Amino acid sequence: MSDKSHFQIRILARRVSAGQSVTQPHTFSTDSRADHAHLRIMSTTDLHMQIYPYDYCGDHATDATGLARTAALIAKGRAEARNTLLVDNGDFLQGTPMADFVAADHAKGRDTPHPMIAAMNVLGYDAGTLGNHEFNFGLDHLKWAISRADHPIVSANLIEIPDETSTQDTTVFDPYVILDREIIDGAGKSHPIKVGFLGLLPPQVTMWDRSHLAGKASTRDIMQTARKFVPQMKQHGADIIVLLCHTGIAGEDEYEGMENAAIPLAALEDVDALVTGHLHLLFPSPQFAQTPVVDSENGFIHGKPAVMAGSCGSHLGLIDLMLERTGDTWAVRKANVEVRPILERNPSGCARPLVESVDAIIAAVEHDHLGTLDFARRPIGQTDVPLHSYFSLLGTDRSMKLIADAQRDYVADAIAHSEHAHLPILSAVSPSKAGGRAGPENYTAMPVGILAIKNISDLYPFHDRVCAVRVSGAQLRAWLERTSAAFNQIAPNTDSTACDQTLRNPHAPAYFFDVIFGIDYQIDLSHPARFDGSGNEVNPTATRIRNLSYNGAPVSDDMEFVVVASDYRANGGGHFPGADGSTVIFDGPELIGDILARHIRTRGVPTTQTTPNWSFCPIGGTPVLFETSPKAKHHLDELSHLNVTGFAVGASGFGQIRLLL
């Protein structure tokens, strides 16, 4: 392991940006004096195997993602501060075809390091934790991957051998690490300091990856775990305690089994700073302006500095701490938080990189990059119609229908001789790539021609297995009420001078918008949503779903259905009524991507236009705006079922479709 007795580890990087002036030190470094020291904690989160600046699904270079480009921000961040630490907050092993290629290579006996770990070793990470997607390829694959890491990777609430009282649990990995470092104060004098990092992940991981973790690991509640270990870390001499919590900033009130627990975590005594993630959002950010006890402008929760650095290397998180030494201990006196992007968009929405990729990272993964290209380009079939996700939330997405058909047919064969065979089989699919926080490039787009493995990863990038649940008509209706949270409430208004209302709810990720194929229904947006974007029931009596029918007949509450879905959804992902793990009747061994590839090989891609099985209830011709890819303008003929009155490209780079509801 490399020598890390002092803070800074340098990497060779190209110039950070065109025409950039000499790097200026942070004011905490210039203002510190004797017994005061500036400590900068830099963080990445939710990298999802985005290392090389390349979009393997689209098969082209990209400026929008990649740790190779974030590395330049890391080099600049180190140059600005006298004492720095670099950490990762989890979800680094899954997300691109490179992850699938490496997993297959590992199964064949690979003896070279995992490329993400190789890149992290070049960058000199000091600590890291695990996210929920680290287990998508199994616990053995995870242990193999991180065994070559030069930095400790900690996780406190993943349990190998539970204790009845939880006080003597045996964790799968070390719960925390306390780094012994030498820190340089404002007078240039070196002092010892102990910085502790505690790792926490969503306890739902054992449901979401049940097939990989059942009988091997369990989880504890995030808050219970933090209350157990933070005092231990303090007793063992930690001057500063930082939570590496792969959890989001959401509800203020604590409850057992919280998935997004950053707010109550920040209230804990002796916690000095938090690195958050999981939601792929930015903090500080105006998006959290209405969240209680959160300072969304300056990056504080309950007065503690906290950061969330987007996803896929899009940003670098920085927490700057001004520390004061009293006797032999250090304490935080001031803090500053920011997130730095790797690109910006000009007024026309085009992306311009702010930094260049670092050669050392490119070199570390070049071999695996070439292997991934060969793997991803292997053909599996062809399509005679374009496949795209521009209109996934408007009802006409051939790719979603293709996935729905593939997983429905698979389950129909699997349960053909079971006690559930007589029930109607429906199929739930949500968009995998539909713009949102990942930007206007985040859409599936496949022209007519050969389909390859890369296209399967584009159609379905998640490492999910197929499952089926048995639900009542009442649960089915509630499921659809939950999915309708994807849209804002629309106030009827036909005044030609009124401002257009925004259709999409920015707080509801597209992957929580399930279309359930096999039934017909309408969504009435003149009413409020029953659920918020996270699945919390906020308006218990609200109803948006209208005219729900199966085979032309109304669906009654006592009817029963089989709904095919991903194991993530069937086991509680997204908090959908009827899908909490207790209703599962079939838990398949195969990945949805593999089922989809086989379906395309054997049955091809239908050439007919998808007829929407759902629609919006009319609201008197009220105008709304829907964001999509700017390339959607070439496919507007597919929206003949809607009243489209205009299309333009906004400053954010998204295309904007104007509809009359």
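About the thresholds
Residues numbered from 1 in each chain as written. Predicted model: local features only at pLDDT ≥ 70, side-chain atom pairs only at ≥ 80, totals over all residues. Heavy atoms only, no water. Helix = DSSP H or I, 4+ residues; strand = E, 2+ residues; numbered from the N terminus. Rg over C-alpha atoms; globule rule 2.2 N^0.38 Å. Buried < 20%, exposed > 50% of the residue type's maximum accessible area, 1.4 Å probe, protein only. Contact = heavy atoms within 4.5 Å. Areas by Shrake-Rupley, 256 points an atom, 1.4 Å probe, with all protein chains shown as cover. Lys, Arg positive; Asp, Glu negative; His and termini not counted. Charge placed at Lys NZ, Arg CZ, Asp CG, Glu CD. Core = buried A, V, L, I, M, F, W, Y, C linked by side-chain atoms within 4.5 Å. Expected span 1.5 Å × (residues − 1). Pairing = 2+ DSSP bridges. Axes fitted to C-alpha atoms, helices over the stretch in contact; angles between N-to-C directions. Parallel < 35°, antiparallel > 145°, perpendicular 65-115°, else oblique. Left-handed = near helix turned anticlockwise from the far one by under 90°. Nonpolar A, V, L, I, M, F, W, Y, C, P; charged D, E, K, R; others polar. Phe/Tyr/Trp six-rings, centres within 6.5 Å; stacked < 30°, edge-to-face > 60°. Lys NZ or Arg CZ within 6 Å of the ring centre and 35° of its normal.

1. Remarks on the overall build of the protein chain
Helix and strand counts for the protein chain stand at 15 helices and 38 strands. Against the compact-globule benchmark of 26 Å for 661 residues, the protein chain has a radius of gyration of 25 Å, which places it among compact chains. C-alpha extents for the protein chain along the principal axes are approximately 80 × 60 × 50 Å. By the burial criterion, 59% of the 661 residues in the protein chain qualify as buried. Sequence-distant contacts, at least 24 apart, represent 77% of the contacts inside the protein chain between residues at least 6 apart. With an accessible surface of roughly 25200 Å², the protein chain has 50% of that area assigned to carbon and sulfur atoms. Placing the 53 positive and 76 negative side-chain charges of the protein chain at their respective mean positions leaves the two points 4 Å apart.

2. A closer look at the nonpolar core
If you look at the biggest cluster of nonpolar residues, it comprises 80 residues, and the most contacted ones within it are Leu394, Trp479, Phe487, Leu503, Tyr521, Leu525 and Phe616. Here the element with the most residues in this core is helix 11 (residues 398-414); it accounts for 7 residues. When near neighbours in sequence (up to four residues on either side) are disregarded, tryptophan 479 contacts Ala428, Val469, Val471, Asp514, Ile516, Val563, Arg569, Phe576, Pro577, Gly578 and Ala579.

3. Topic: helix 15 (residues 592-603)
Because each turn of an α-helix spans 3.6 residues, side chains separated by three or four positions end up pointing in the same direction. The end-to-end C-alpha distance of helix 15, which contains 12 residues, comes to 16 Å, matching closely the 16 Å that a straight helix rising 1.5 Å per residue would cover. Listing the buried residues of helix 15 in full gives Ile592, Gly593, Ile595, Leu596, Ala597, His599 and Ile600. Positive backbone phi, at 75°, marks glycine 604, one or two positions downstream of helix 15.

4. Describing the sheet that holds strand 4 (residues 83-88)
Taken together, the 6 strands give an open sheet; going across it, the order is 6-5-4-1-18-19, and neighbouring strands pair in mixed fashion. Whereas interior strands pair on both sides, the edge strands pair on one side only; in this sheet they are strand 6 (153-154) and strand 19 (329-341). Packing of helix 2 (residues 67-80) onto the sheet brings it into contact with strand 1 (36-44), strand 4, strand 18 (315-326) and strand 19, and relative to strand 1 it is tilted by some 180°.

5. Quick look at the sheet that holds strand 28 (residues 501-502)
Read from one edge to the other, the open sheet built from 4 strands follows the order 28-36-38-37, with strand pairing classed as mixed. Only two strands of the sheet have a single partner each, and these edge strands are strand 28 and strand 37 (643-649). When strand 36 (residues 623-628) meets strand 38 (residues 655-660), the two strands line up antiparallel, connected through 6 bridges. When the bridges of strand 38 are listed, phenylalanine 626 appears paired with isoleucine 657.

6. A few points about the pairing of strand 18
The buried count for strand 18 comes to 9 of 12 residues, which makes it a mostly enclosed element. The pairing of strand 1 with strand 18 spans 8 bridges and is classified as antiparallel. Residue pairing in the sheet places histidine 36 in a bridge with glutamate 324 of strand 18. Both strand 18 and strand 19 contribute to a ladder of 12 bridges, which runs antiparallel. Pairing of methionine 322 across the sheet is with lysine 334, part of strand 19. Connecting the antiparallel pair strand 18 and strand 19 is a turn made up of 2 residues, with glycine 327 showing a positive phi of about 65°.

7. Quick look at the packing of helix 4 (residues 115-123) against helix 10 (residues 359-376)
The contact between helix 4 and helix 10 brings their axes to 9 Å, and the two run at 160°. Considering their axes alone, helix 4 and helix 10 lie roughly antiparallel with respect to each other. For the pair helix 4 and helix 10, the crossing hand works out as right-handed. The residues of helix 10 that touch helix 4, namely those facing Pro115, Ala118, Ala119, Val122 and Leu123, are Ala360, Ile361, Ala364, Val365 and Asp368. Looking at the contact of helix 4 with helix 10 residue by residue, the classes come out as 9 nonpolar, no polar and 1 charged.

8. Here's the deal with the packing of aromatic side chains
This model, assessed by the stated rule, comprises 18 aromatic pairs. A ring pair is formed by phenylalanine 283 and phenylalanine 288, whose centres lie 5.5 Å apart and whose planes are at 85°; its orientation type is edge-to-face. Grouping residues by exposure puts phenylalanine 283 and phenylalanine 288 together as buried. With centroids separated by 6.5 Å and ring planes inclined at 75°, the aromatic side chains of tyrosine 390 and phenylalanine 391 adopt a geometry described as edge-to-face. For tyrosine 390, a relative accessible area of 5% corresponds to the buried category. One aromatic cluster is present, formed by Trp479, Tyr511, Phe512 and Phe576 through successive ring pairs. Geometry around phenylalanine 576 places arginine 482 over its ring, the cationic atom sitting 4.7 Å from the centre.

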